[in-house]
Amino acid sequence: MDDSQSVATLMDSTTSKIQQLQKAFAELESYRAVTLNLKWKQLEEHFHGLERSLKRRFTELEDQEREFEAKTTEAREMLEKREAAIMAKEQASLQRLQEKRDAAVSLITNALQKHRKVSSAEPAVVYSEDHGKATVVEEKAPDAMAAESNLEVLKMSSENDNVEVKAYPQLVKLCQEMDSEGLHKFISDNRKNLAAVREEIPVALKAAVDPAALVLDSLKGFYNMEASNLDGKKDSNLLGLRRTCIMLMECLSILLKGLDQRSVSYIISGNVKERAKAIAEEWKPKLDDLDVDDNNGNSLEAHAFLQLLSTFAIDSDFDQEDLSKLIPMVSRRRQTADLCRSLGLSDKMPGVINVLINSGRQIDAINLAFAFELTEQFSPVSLLKSYLAEAKKVSSPVRCGNASPTVQTEVNERELAALKAVIKCIEDHKLEGQYPVDPLQKRVSQLEKAKADKKRATEVAKPQPKRPRASGVVGHGPRVTNVVADKNFYPRMTDRYPQYIYDRPYVYPGLTDNHVPSLLGSAYTISPGHGNFFGNGLNGFQYQAAAYLH
């Protein structure tokens, strides 16, 4: 503003300066004989023009200054309003947070007071056989105090969720009672509706005093000592129990995903982690006795071990290199990709895929390559062609020789299973544009027609038994065989050449999946086994069908 005033003062003094200049010019004119009137008028007009121009420019600058000051004032007022609104929101958020904290403290305090009242009011239980003998007193341990606090926090974290179990309310009762054995029995009794039961278990676990402890209790019979001398693959009860254990750990993981970090730390406490680590340390040596060939990428033992580490967040206590060596044992399990990501094994996948390829399990390798977006490094079409080439290489020596009909039938069935596996893989991953399936379908039709013709010829050639005479005297009756034996107990094909399952899609969840897959229950209805070709002869181009039993 001082500069503006000085400029205005100078402009006001312009007239006086012009008058002084006129006097000086008049004096100069008096010394000359020639008049200078015309020149003075020009000078006077020039200076007056400069004066008007300066005043106009000065006026424009003053207008611009006033406009700038108005905009600055408006912007300052807007910023003050926004700052006030932000402060109001922060204050409201802090108030709501404080209310939630106070509510949580109140719930925990009430739970502790309730526990103290129950503990102090509950009399000791005295057992005495007669008056002359000493009494035995058993007091109830106060271990449930921390668990009750965990329950209150769990309820707070899920207060907006629908915690009602609609179809199976008995699940809630079993969880409230921390009855792990009853939970196993309930799942076994309802195995026909296992998908629906599985959907409700995570909700029912919220009713448990300690959901993590309940799941850990359910793992006690995973390695049943009574069944240790038997083949675990043939013990349907043990297989069902192990699948239930895995399912309960998965359901606990689903429950934890819906909670905040504070609630998760309450449930998966330090004591829970130590207990889970002890179980894992007990299980780990047993995995060394597993035969990779026999598991066909579908090992329940390895799956349960990895799921235990993932659910209870104890994978940091184990070497990642050792964990990655277990992945080929579970390569056919639908949860494999999620487990690998949860355990931080994504960077180990190229090595795992190479192991699968070298073992003749190209289809498993392709599934993992798609799950971890490694298809540029491992070409699916090349792997499928290699898989079929190995299948034909295995079959060709038998075809060229004088093979028996039984051997030739098994060879054809192995090739048929390999072709169907390749076709299914192409359809699952939409590779029809890169690998047309029409030639493969034609070959499948040829093999199926030959199989049907062989079956009809066998039925025609089978001798018919003689019927008993009308007089009641029996002649040569039909030969009695062990017809009550289970057909599946003596399969036409040995376990060395298991069959593949084609009745459901087999896809790993992709990298973008951050939710629980909709096919969570499907893996507990059938167990897809994988072929075990390891480049050693006739192994590995069929897949075994084995039902999941609970």
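Residues numbered from 1 in each chain as written. Predicted model: local features only at pLDDT ≥ 70, side-chain atom pairs only at ≥ 80, totals over all residues. Heavy atoms only, no water.

A. View of the overall build of the chain. Along the chain, the regular secondary structure elements total 20 helices and four strands. For the chain, long-range pairs separated by at least 24 residues make up 74% of all intrachain contacts whose partners lie at least 6 apart in sequence. For the chain, the computed accessible surface area is about 33600 Å², with 53% contributed by carbon and sulfur atoms. (Helix = DSSP H or I, 4+ residues; strand = E, 2+ residues; numbered from the N terminus. Contact = heavy atoms within 4.5 Å. Areas by Shrake-Rupley, 256 points an atom, 1.4 Å probe, with all protein chains shown as cover.)

B. Local environment of helix H16 (residues 349-358). Burial in H16 covers these residues: Met349, Val352, Ile353, Leu356 and Ile357. Summarising the axial view, the buried residues of H16 lie within an arc of 140°, below the 170-degree limit, and thus occupy one face. (Buried < 20%, exposed > 50% of the residue type's maximum accessible area, 1.4 Å probe, protein only. Arc of directions from axis to C-beta.)

C. A look at the side chain of Thr336. Structurally, the position occupied by Thr336 is in helix H15 (residues 336-342). From its side chain, Thr336 meets the backbone oxygen of Arg333 in a polar contact 2.8 Å long. (Polar contact = N/O pair within 3.5 Å; in protein donor to acceptor, adjacent residues only side chain to side chain.)

D. Highlighting the environment of Arg333. Note on placement: Arg333 falls in the loop between helix H14 (320-324) and H15. Spatially, the C-alpha atom of Arg333 lies 9.8 Å from that of Asp364, the residues being 31 residues apart in sequence.

E. The packing of helix H6 (residues 180-189) against helix H9 (residues 236-257), seen in detail. For the pair H6 and H9, the least separation of the axes is 10 Å and the interaxial angle reads 110°. Put simply, H6 runs roughly perpendicular to H9. Two secondary-structure elements touch here, H6 through Leu183, His184 and Ile187 and H9 through Leu241, Thr244, Cys245, Met247 and Leu248. When grouped by side-chain class, the residues that make up the contact of H6 with H9 number six nonpolar, two polar and no charged. (Axes fitted to C-alpha atoms, helices over the stretch in contact; angles between N-to-C directions. Parallel < 35°, antiparallel > 145°, perpendicular 65-115°, else oblique. Nonpolar A, V, L, I, M, F, W, Y, C, P; charged D, E, K, R; others polar.)

F. The nonpolar core, seen in detail. In terms of nonpolar packing, the biggest core is built from 94 residues, with Ile201, Trp283, Phe305, Leu306, Leu308, Phe312 and Leu384 touching the most fellow members. The dominant element in this core, judged by the number of residues it contributes, is H9, at ten residues. Setting aside its immediate chain neighbours within four residues, Leu384 contacts Ile363, Ile366, Val422, Cys425, Ile426, Leu431 and Tyr435. (Core = buried A, V, L, I, M, F, W, Y, C linked by side-chain atoms within 4.5 Å.)

G. Structural view of the packing of aromatic side chains. Taken as a whole and judged by the stated rule, the model has five aromatic pairs. Ring plane angle 65° and centroid distance 5.2 Å describe the contact between Phe222 and Tyr223, whose orientation is recorded as edge-to-face. In this structure, Phe222 and Tyr223 share a single accessibility class: buried. Tyr223 gets classed as buried once you look at its relative accessible area, which sits at 19%. By the ring-pair criterion, three or more aromatic residues cluster together here, those being Phe222, Tyr223 and Trp283. The side chain of Lys286 reaches across the aromatic face of Tyr223, ending 5.2 Å from its centre. (Phe/Tyr/Trp six-rings, centres within 6.5 Å; stacked < 30°, edge-to-face > 60°. Lys NZ or Arg CZ within 6 Å of the ring centre and 35° of its normal.)

H. Looking closely at unusual backbone geometry. The phi torsion at Ala313 lies on the positive side, around 55°, for a residue other than glycine. With respect to the element layout, Ala313 can be found in the loop between helix H13 (300-311) and H14. You can call Ala313 partly exposed: its relative accessible area is 40%.

I. Up close: the packing of H9 against H13. Between H9 and H13, the least distance of the axes is 10 Å, while the angle of their chain directions is 20°. Considered as vectors, H9 and H13 are oriented roughly parallel to each other. Judged by the twist between their axes, the crossing of H9 over H13 is left-handed. Every residue of H13 that contacts H9 at Leu239, Arg242, Arg243, Ile246, Met249, Glu250, Leu252, Ser253 and Leu256 is listed here: Leu300, Glu301, His303, Ala304, Gln307, Leu308 and Thr311. (Left-handed = near helix turned anticlockwise from the far one by under 90°.)

J. Region of the structure containing the confidence of the model for the chain. Looking at the chain, pLDDT values average 76 and 67% of them are 70 or higher. Counted against residues more than four places away or in other chains, residues 472-507, with its pLDDT under 50, gives 65 contacts. Below pLDDT 50 for its whole length, residues 512-550 participates in 127 contacts with residues either more than four positions away or in separate chains. (pLDDT = per-residue confidence, 0-100.)

K. Examining the environment of Cys251 more closely. On the secondary structure map, Cys251 appears in helix H9. Under the relative-accessibility criterion, Cys251 is labelled buried at 0%. Sequence separation between Cys251 and Pro202 is 49 residues; the distance between their C-alpha atoms is 5.1 Å. The contact partners of Cys251, leaving out residues within four places of it in the chain, are Arg198, Ile201, Pro202 and Leu205.

L. Seen up close, H9. Under the 1.5 Å per step criterion, the end-to-end length of H9 is 32 Å for 22 residues, consistent within 8% with the ideal 32 Å. Within H9, 17 of the 22 residues are buried, leaving the element largely enclosed by the surrounding structure. (Expected span 1.5 Å × (residues − 1).)

M. Molecular detail of the pattern of salt bridges. By the definition in use, this model includes 19 salt bridges. Members of the salt-bridge network, linked through shared partners, are Arg198, Glu250 and Arg334. (Salt bridge = Lys/Arg side-chain N within 4 Å of Asp/Glu carboxyl O.)

N. Structural context of the side chain of Ser180. Within the secondary structure, Ser180 sits in helix H6. The buried category is assigned to Ser180, whose relative accessible area is 12%. Among residues more than four places away in sequence, those in contact with Ser180 are Leu214, Asp217 and Ser218.

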